[in-house]
Amino acid sequence: MESVFSAHAWSRQPNGLWVFWSERDDAAQLQNHFSFTADVVTKRMAIKERVKIALQRVEKLSCNYLIQFWASIVIDGQTFLTTSDQPFGLSRLDDRLCSYRQKCLSCAIPVELKNGTQCENDLGPPGRVFKHRLPELCTDVKNYSQQEFPLRDDAAAWGIQWCYTVPVFDSSRDTFVGVLELVTSHQTNDWMFQNSVLLIFKMLQVVDLKSPEPYCPINWKVLDDQICTLARLYKSIEMVCQKHQFPFAQIWVSVADSREKLSLLDNDTLQSMITKT
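Residues numbered from 1 in each chain as written. Predicted model: local features only at pLDDT ≥ 70, side-chain atom pairs only at ≥ 80, totals over all residues. Heavy atoms only, no water.

Trainee: Just to check I follow, could you spell out the overall build of the chain for this structure?
Mentor: Within the chain, the regular secondary structure consists of 9 helices and 10 strands. Within the chain, residue pairs in contact and separated by at least 24 positions form 64% of the contacts whose partners lie at least 6 positions apart. Entry remark: accessible area of the chain is about 14200 Å², with carbon and sulfur atoms responsible for 49%. (Helix = DSSP H or I, 4+ residues; strand = E, 2+ residues; numbered from the N terminus. Contact = heavy atoms within 4.5 Å. Areas by Shrake-Rupley, 256 points an atom, 1.4 Å probe, with all protein chains shown as cover.)

As structure tokens, then:
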């Protein structure tokens, strides 16, 4: 685990992520080794700083998450995707997620050859998202083939479950800037994962970054105070069932489409909807 965190500064807000970033002078290093112009280096550093700030603002994630940013570099005219020297966050200091992070650090994914030809093989989720600029979700990494996800066996051995990879754009210029990968080693469900993704995307917007509308497997978005409302509803329905000895009760909600927030009922309406079976 030490090598994952070596040469990194870190911070953590209460209930937030452990966020790590490189202490090295990346601008000088990139300019010397990868032939970037000064303007491109400045933009790259600005993006890294904004991703770091976004991760520092994320809090109250319910599962074990690794969130890492992938950016492109050019070596001898060929473009690679790498997460080395890029900010990353952990909801908990989990050995399995740290092992996966360490493995990713050794990967430089070839995405474009010198002649501009797009690479097709062994891209993995980050490479495909970089190529197509579209999100990719897998709820069990073991469902990938080895060619689809070269790190599949290692990820499965470390208990990685969900893998969600998304393109990131600069909102002010509407330009593609990199790839954000979210993986979890915790058994989760659609609702918990969706809520976590929304929290992360919300923080990206704070720093003027954006990604396509997140995958919504149940067509619901439950945000902020609505989460508290839902918890109160469950508590209320439990109390009513105990008081009146009802064996069953259920809540009905209306959902217009995937872009609408979940419409929750107040307690008075809830009690009027409880039916005895």
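We are not done yet, so read on.
Trainee: Sorry, what's going on with helix 4 (residues 95-105) here?
Mentor: Residues three or four positions apart in an α-helix share a direction because the helix packs 3.6 residues into each turn. The complete set of buried residues in helix 4 reads Leu-97, Cys-98, Tyr-100, Arg-101 and Cys-104. For helix 4, the angular spread of buried residues about the axis comes to 160°, placing them on one side. Between the side-chain oxygen at the start of helix 4 and the backbone nitrogen of Arg-96 there is a gap of 2.8 Å, and the oxygen is on Asp-94. (Buried < 20%, exposed > 50% of the residue type's maximum accessible area, 1.4 Å probe, protein only. Arc of directions from axis to C-beta. Polar contact = N/O pair within 3.5 Å; in protein donor to acceptor, adjacent residues only side chain to side chain.)

Trainee: It is not clear to me how unusual backbone geometry should be interpreted in this structure. Could you clarify?
Mentor: Negative phi characterises most residues that are not glycine, and trans characterises most peptide bonds. Phi is positive for Asp-85, which is not a glycine, with a value near 65°. Of note, Asp-85 is situated in the loop between strand 4 (78-82) and strand 5 (88-90). Positive phi values are uncommon outside glycine, yet Arg-133 reaches one of about 60°. Inspection of the secondary structure assignment puts Arg-133 in the loop between helix 5 (124-132) and strand 7 (136-138).

Trainee: Before we go on, may I ask you to explain the confidence of the model for the chain in this structure?
Mentor: Note that predicted coordinates carrying low pLDDT should not be read in detail. Counting all residues, the mean pLDDT for the chain is 77, and 69% of those residues have values of 70 or more. The secondary structure element of the chain with the lowest average pLDDT is helix 9 (residues 267-273), at 43, and the one with the highest is helix 6 (residues 152-157), at 96. The low-confidence segment residues 25-36 (pLDDT under 50) makes 23 contacts with residues lying over four places distant or belonging to another chain. Between residues 217-224, whose pLDDT stays under 50, and residues either more than four places distant or in other chains, the model counts 27 contacts. (pLDDT = per-residue confidence, 0-100.)

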